[in-house]
Amino acid sequence: MNPYILATLLFGLGLGTTITFASSHWLLAWMGLEMNTLAIIPLMAQHHHPRAVEATTKYFLTQATAAAMLLFASTTNAWLTGQWEIQQMTHPLPTMMITIALALKIGLAPVHSWLPEVLQGLDLTTGLILSTWQKLAPFALLIQIQPTNSTILIALGVTSTLVGGWGGLNQTQLRKILAYSSIAHLGWMILILQFSPSLTLLALLTYLIMTFSTFLVFKLNKATNINALATSWAKTPALTALTPLLLLSLGGLPPLTGFMPKWLILQELTKQGLAPTATLAALTALLSLYFYLRLSYAMTLTLSPNNLSGVTPWRLPSSQLTLPLAVSTTAALCLLPLTPAAMALLTL
């Protein structure tokens, strides 16, 4: 892709998210979300592969549906209450419609079916943008509207953690596994949103760091399915030793960074008298942990029994920068001791 076009599209992505962050009016927020969608579509379809075009079409249709629903709900809110302000969502009907529209935008269960299919059709770089940057603007809106209907949020959260764990069990494609991992993590964030928005932000931040690092590992190894991971020991032995820790951090095991948000979320849910919900969420985390362990096993404890078809990937030098990978992997593994500092910041 022409570097000028690429720079323009990335600028559009950044500008769309920034506009949504800065807006207090529903029309401006909607405009930012639309800019975001329109800027990523050429990046998704740039390889002209039938799978990429199919993924782009699916993405466009779901995002357009969610945007239309959002616009309809905000207009309904203005009609019922006379308010266009994002923080003045007092009527339950438009609030619920906007919550469902934003759930569709980020891929929460039960409106998640597009996410694994779309991610599978993209290359790892665009998939990384879709899994991280594209979640920021809808989350900013969700945190601002503070949905009043707690039942729908808890239902969305529990369903997402369950579907995210269950759906990834039988997958062999890494991008689909990461999509289901994303759904499960988003479920955890939605569960705690109404009780502690700052905890949602903490969970989102740790999810972004860990997902960024995981995508970069797969990109460095040029791996898109589980079998391709078995050859990684020959290319990057040190990284192959660290990756299982990274995957276990995504699963939420102590003493890794991923344990921090899960621990604090379970604690907060129990304080709010939702011990059964907390127990169910903790059990669904075991489902996710199983497929992370499966990836770890494939990567470090198995040797590839045959040469992969096509070029032998470990003989090709990688042109990828390793500094972002080093920084994000360190952050994804070592931030648990900062929990007291994080808790102090959350209570400010």
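This is a predicted model, so every value here is computed, not measured.

Quick notes on the rules
Residues numbered from 1 in each chain as written. Predicted model: local features only at pLDDT ≥ 70, side-chain atom pairs only at ≥ 80, totals over all residues. Heavy atoms only, no water. Helix = DSSP H or I, 4+ residues; strand = E, 2+ residues; numbered from the N terminus. Buried < 20%, exposed > 50% of the residue type's maximum accessible area, 1.4 Å probe, protein only. Contact = heavy atoms within 4.5 Å. Patch = residues over 30% accessible without salt bridge, like charges linked within 9 Å, V, L, I, M, F, W, Y side chains within 5 Å. Areas by Shrake-Rupley, 256 points an atom, 1.4 Å probe, with all protein chains shown as cover. Salt bridge = Lys/Arg side-chain N within 4 Å of Asp/Glu carboxyl O. UniProt positions renumbered as here; feature names shortened; annotations may be inferred. Core = buried A, V, L, I, M, F, W, Y, C linked by side-chain atoms within 4.5 Å. Axes fitted to C-alpha atoms, helices over the stretch in contact; angles between N-to-C directions. Parallel < 35°, antiparallel > 145°, perpendicular 65-115°, else oblique. Left-handed = near helix turned anticlockwise from the far one by under 90°. Nonpolar A, V, L, I, M, F, W, Y, C, P; charged D, E, K, R; others polar.

As for the side chain of T200
At step 1: Mapped onto the secondary structure, T200 falls in helix α10 (residues 197-220).
At step 2: By relative accessible area, which is 0% here, T200 ends up buried.
At step 3: Apart from the residues lying within four places of it in its own chain, the contact partners of T200 are F139, I143, M189, I192 and L193.

A closer look at a nonpolar patch on the surface
At step 1: Together, M1, I5, L6 and L10 make up an exposed nonpolar region whose accessible area comes to about 340 Å².
At step 2: Mapped onto the elements of the fold, L10 is located in helix α1 (residues 3-22).

Remarks on the UniProt feature "domain: NADH:quinone oxidoreductase/Mrp antiporter transmembrane" (unreviewed entry) in the chain
At step 1: Following the UniProt record, the feature "domain: NADH:quinone oxidoreductase/Mrp antiporter transmembrane" (unreviewed entry) maps to residues 23-287 here.
At step 2: Between the first and last C-alpha atoms of residues 23-287 the distance is 38 Å; the span itself is 77% helix and 0% strand.

Describing the UniProt feature "transmembrane region" (unreviewed entry) in the chain
At step 1: Within the UniProt annotation, "transmembrane region" (unreviewed entry) is assigned to residues 60-81, 93-115, 151-170, 177-195, 201-220, 232-253, 273-293 and 323-346.
At step 2: Overall, residues 151-170 shows 85% helix and 0% strand. The separation of its end C-alpha atoms is 30 Å.
At step 3: This span, residues 201-220, is 100% helix and 0% strand, and a straight line between its end C-alpha atoms measures 29 Å.

Looking at the nonpolar core
At step 1: One finds I40, Y59, V118, L130, F218 and L295 to be the most contacted residues of the largest nonpolar core, which totals 54 residues.
At step 2: With 7 residues, α10 is the largest single contributor of residues to this core.
At step 3: Residues contacting I40, with those up to four places away along its chain left out, are L13, Y59, T126, I129, L130 and Q134.
At step 4: Ranked by size, the runner-up nonpolar core spans 49 residues in total, among them A137, F139, I192 and L193.

Describing the packing of helix α4 (residues 92-106) against helix α8 (residues 150-167)
At step 1: α8 packs onto α4 with a crossing angle of 15 degrees between their chain directions and a minimal axis gap of 11 Å. What the angle tells us is that α4 and α8 run roughly parallel. The two elements α4 and α8 cross, and the hand of that crossing is right-handed. Only I152, L153 and L156 of α8 make contact with α4, whose side of the interface consists of M96, T99, I100 and A103.
At step 2: For the contact of α4 with α8, the residue count by class is 6 nonpolar, 1 polar and no charged.

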